[in-house]
Amino acid sequence: MNHNLPSWIDLHRHSTASDGELAAAALMDAAADAGVRVAALTDHDSVAGLAEARAAAAQRGLQLVNGVEISCRSDAHDIHVVGLGIDPECPLLQERLGAQMERRRQRAQQIAQRLAKLGLPDVLAQAAEGAPQGIPARPHFARALVAAGVCRQEKDAFAKYLAQGKPAYVKTEWPGVEEAVAWIRAAGGIAVLAHPHRYKMTRTRLERLIRQFAEAGGQALEVVSANQDPASVRQLAGFCTRYQLTASQGSDYHGPSMRWVQVGRMPALPSECRPVWPLLGIQELSA
Ligand code: AMP
Ligand code: MN
Ligand code: MN
Ligand code: MN
């Protein structure tokens, strides 16, 4: 069953400044067309799309929330922490994001080496084309593997080669969750633990992560993302109450080719949740 509903606010989206398919301006247009009034841009480890997004948002009369999604590591898990309401000019944040992109540059080389060892065609150049700063993320590799005829769909490229535990997965020394929270706070932002149910953790392990995140100064859980099932939403709402966290909601939209995710469409936030947006100075609007 599809629980997605149109919403006035979408606090998690990607442009071509990371692994999204639409340029930042087109992404703001898509939000306006969908009836969204407040939209964040949260590219992976990059704030490079925010200036273009801001100009487009002004033209279309919608409010942009400056965001970023920082790659972290907690034990064996790759974790994402979203920063909302950040100052993209913050020198500390810029310096740390530069280091993240350097990690990504090195990781891309290693992924290419692993694919080569598997006897696959060399797709590094193709993957780098159109990738931000010429540094391909895993979805750029997935697209290149599809273009080269190695895989039929991007998700097959993840399932066979790129996902954790698969032969072209490269473990990366991302910073800890505490560090990402500290960078976001230094830039004046609110730290949100992104899509907590995507980490394939046991409930005990997930709760430990949430506690650690809250103790580090994290202020919100992403209780709702597109297609989030009702049981998960309820569990996360419960964690918000237990750890005095606010609740965020975002589609994690990456572009039109993932037809099951649309801008501004996601399940409703449970009424017992305290939304994150007042912390960003945003009052509730109607769609
Ligand atoms: P990276 O930041 O390079 O590690 O790539 C992570 C991104 O790959 C995520 O943000 C998603 O956009 C995408 N992704 C992760 N897992 C999958 C999957 N199983 N199928 C399709 N896309 C995925
Ligand atoms: Mn992504
Ligand atoms: Mn993510
Ligand atoms: Mn995301």
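The sections below set out a description of the structure shown in this document. (Residues numbered from 1 in each chain as written. Chains lettered and ligands numbered in written order. Predicted model: local features only at pLDDT ≥ 70, side-chain atom pairs only at ≥ 80, totals over all residues. Heavy atoms only, no water.)

Further remarks concern the site of ligand 1. As a matter of local geometry, ligand 1 sits amid Asp 19, His 44, Arg 104, Arg 107, Ala 137, Arg 138, Pro 139, Phe 158 and His 254. At a separation of 2.9 Å, an oxygen atom of ligand 1 approaches a polar side-chain atom of Arg 104. At 2.5 Å, a side-chain N or O of Arg 107 approaches an oxygen atom of ligand 1. Counting only elements with at least two residues in the shell around ligand 1, the list comes to helix H3 (91-117) and helix H5 (138-147). Considering only residue class, the shell around ligand 1 consists of three nonpolar, two polar and four charged. (Near = heavy atom within 4 Å. Polar contact = N/O pair within 3.5 Å; in protein donor to acceptor, adjacent residues only side chain to side chain. Helix = DSSP H or I, 4+ residues; strand = E, 2+ residues; numbered from the N terminus. Nonpolar A, V, L, I, M, F, W, Y, C, P; charged D, E, K, R; others polar.)

Between any two of four tetrahedral donors, the ideal angle at the metal is 109.5 degrees; between two of six octahedral donors, it is 90 or 180 degrees. With distances of 2.1 to 2.2 Å, the protein atoms coordinating the manganese ion (ligand 3) are Glu 69 (OE), His 80 (ND1) and His 195 (NE2). Here the manganese ion (ligand 3) and the manganese ion (ligand 2) are spaced 5.5 Å apart. Of the two residues, His 80 sits in strand E5 (residues 77-84) while His 195 sits in the loop between strand E6 (190-193) and helix H8 (203-215), which places them 115 residues apart along the sequence. We classify His 195 as buried; its relative accessible area is 6%. (Donors = N, O, S within 2.8 Å, 3.2 Å for Na, K, Ca; no water. Buried < 20%, exposed > 50% of the residue type's maximum accessible area, 1.4 Å probe, protein only.)

Turning next to helix H6 (residues 154-162). Along H6, the positions that sit buried rather than exposed are Ala 157, Tyr 161 and Leu 162. What you see down the axis of H6 is that its buried residues fit within an arc of 60 degrees, all on one side. Looking at the buried residues of H6, the elements they touch are H3 and H5. (Arc of directions from axis to C-beta. Contact = heavy atoms within 4.5 Å.)

The next point concerns the nonpolar core. Core analysis: the biggest nonpolar cluster contains 72 residues, and Ile 70, Val 81, Leu 221 and Val 223 have the highest contact counts within it. Aside from chain neighbours lying at most four places away, what touches Val 81 is Val 68, Glu 69, Ile 70, Cys 72, Val 177, Ala 180, Val 181, Ile 184, Ala 191, Val 192, Leu 193 and Phe 213. The next biggest cluster of nonpolar side chains, apart from the first, holds 17 residues, and it includes Ala 108, Ala 142, Leu 145 and Ala 168. (Core = buried A, V, L, I, M, F, W, Y, C linked by side-chain atoms within 4.5 Å.)

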